[in-house]
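# Report on the structure
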Amino acid sequence: MKLYYLGPQGTFSYLAAQQYCGTDKTTTLVAKTQLYEVMTALLDDPQSQAIVPIENAIEGTINIVADTLVEQPFTVVDEVLLDISFGLYGKPGQQLRDITKVFSIGPAISQTQKFIHQHHFAYDYTTSTIAALDHIDDTTAAIIPLGSGEMYGYTPLATHIEDFTHNQTRFLVLQHADTVTQPSGDTCLLVITPQRDQPGLLASILNTFALFNVNLSWIESRPLKTQLGMYRFFVQADCPNEQDLNKIVTILETLDFDIQSLGRFNK
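Residues numbered from 1 in each chain as written. Predicted model: local features only at pLDDT ≥ 70, side-chain atom pairs only at ≥ 80, totals over all residues. Heavy atoms only, no water.

## Some words on the side chain of Ser13
If you trace the backbone, Ser13 turns up in helix 1 (residues 12–21). Residue Ser13 is classed as buried on the basis of its relative accessible area of 5%. (Helix = DSSP H or I, 4+ residues; strand = E, 2+ residues; numbered from the N terminus. Buried < 20%, exposed > 50% of the residue type's maximum accessible area, 1.4 Å probe, protein only.)

## What to know about helix 7 (residues 242–254)
Given a rise of 1.5 Å per residue, 13 residues ought to cover 18 Å, and the 18 Å separating the end C-alpha atoms of helix 7 matches this to within 8%. Buried residues along helix 7 sit against strand 12 (187–194), helix 6 (201–211) and strand 15 (257–265). Backbone nitrogen of Gln243 and a side-chain oxygen of the N-cap are separated by 3.1 Å at the start of helix 7; the cap is Asn241. Remark: Asp256 follows helix 7 within two positions and exhibits a positive phi of approximately 70°. (Expected span 1.5 Å × (residues − 1). Contact = heavy atoms within 4.5 Å. Polar contact = N/O pair within 3.5 Å; in protein donor to acceptor, adjacent residues only side chain to side chain.)

## A few points about the domain arrangement of the chain
The assigned domain composition of the chain is domain 1 (2–84 + 167–177), domain 2 (86–159) and domain 3 (187–265). Between the C-alpha centres of domain 1 and domain 2 the distance comes to 24 Å. With 13 residues of domain 1 in contact, the opposing surface of domain 2 contributes 11 residues. Both sides together, the interface formed by domain 1 and domain 2 hides about 890 Å², and carbon and sulfur atoms give 60% of it. Counting the contacts that link domain 1 with domain 2 gives 0 salt bridges. Applying the counting criterion to the domain 1 and domain 2 interface returns 5 residue pairs in polar contact (both at pLDDT 80 or more). For the side of domain 1 that touches domain 2, the leading source of residues is helix 1, giving 3 residues. When the residues that make up the side of domain 1 that touches domain 2 are grouped by side-chain class, the tally is 6 nonpolar, 6 polar and 1 charged. (Domains from an automatic or database assignment. Buried area = accessible area lost by both parts, 1.4 Å probe. Salt bridge = Lys/Arg side-chain N within 4 Å of Asp/Glu carboxyl O. Nonpolar A, V, L, I, M, F, W, Y, C, P; charged D, E, K, R; others polar.)

## Details of the sheet that holds strand 7 (residues 101–104)
In spatial order, the strands read 8-7-9-6-10; together these 5 strands make up an open sheet with mixed pairing. This sheet does not close on itself; its edge strands, each paired only once, are strand 8 (122–125) and strand 10 (155–159). Within the sheet, the average angular offset between the axes of one strand and its neighbour, ignoring direction, is 35°. With 4 bridges connecting them, strand 6 (residues 86–90) and strand 9 (residues 140–145) associate as antiparallel partners. The residue bridging Leu88 from the neighbouring strand is Ile143, located in strand 9. (Pairing = 2+ DSSP bridges. Axes fitted to C-alpha atoms, helices over the stretch in contact; angles between N-to-C directions.)

Spelled out as structure tokens, the structure:
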């Protein structure tokens, strides 16, 4: 089976894919250059899986992933939590004092702002963390996942340069909905869309889950893209038994919400 991820080798998505596969030697990792391409690869290859970041502890929700989950026939079958640490990489023999500019992706630049400003670095953006290695020269370095630069022959000039410790990114493992017959697990992911605008929409959702003593580990609003002020809500819940979950869905539908299940999986 193939597992699509945002490449190339050494990105956080690659590290998450390795963590997910573990010792499984039957899965082939296939790199894509954009998150949207990672997900939509399943449309042409429905027997495979894809791993994508959905939420970072510092930056929040990855919007393109959340939106594509709704638009395409995907089911979430698992999740991976990955610890996030950054290193500043340069050429062997290079020193930190030699650097005047750094490259990386937007979230990496954002999550290392204190380090960047402390050293008065100029910065610019790339399509992936590993793509930043292509810009390394005598005065330019790359901010990439700690431990990944060595596989390309580069040296860490500084380690653990992230602004916040205990940073994590949560990844979702996806399959084509047609290939998942009976999703199961102790966590469910729902998309709840109001059919009309009215006061107390979010409160209605929260109160319904609270009524059955169900904990919500993630709730996120995203625009419906129809008009200002209209949103859908992503809800990740510690799943009750099937009977209570059906009651929750029935109540929400009675309150004029459309419910879309994105899958069940184990935390």
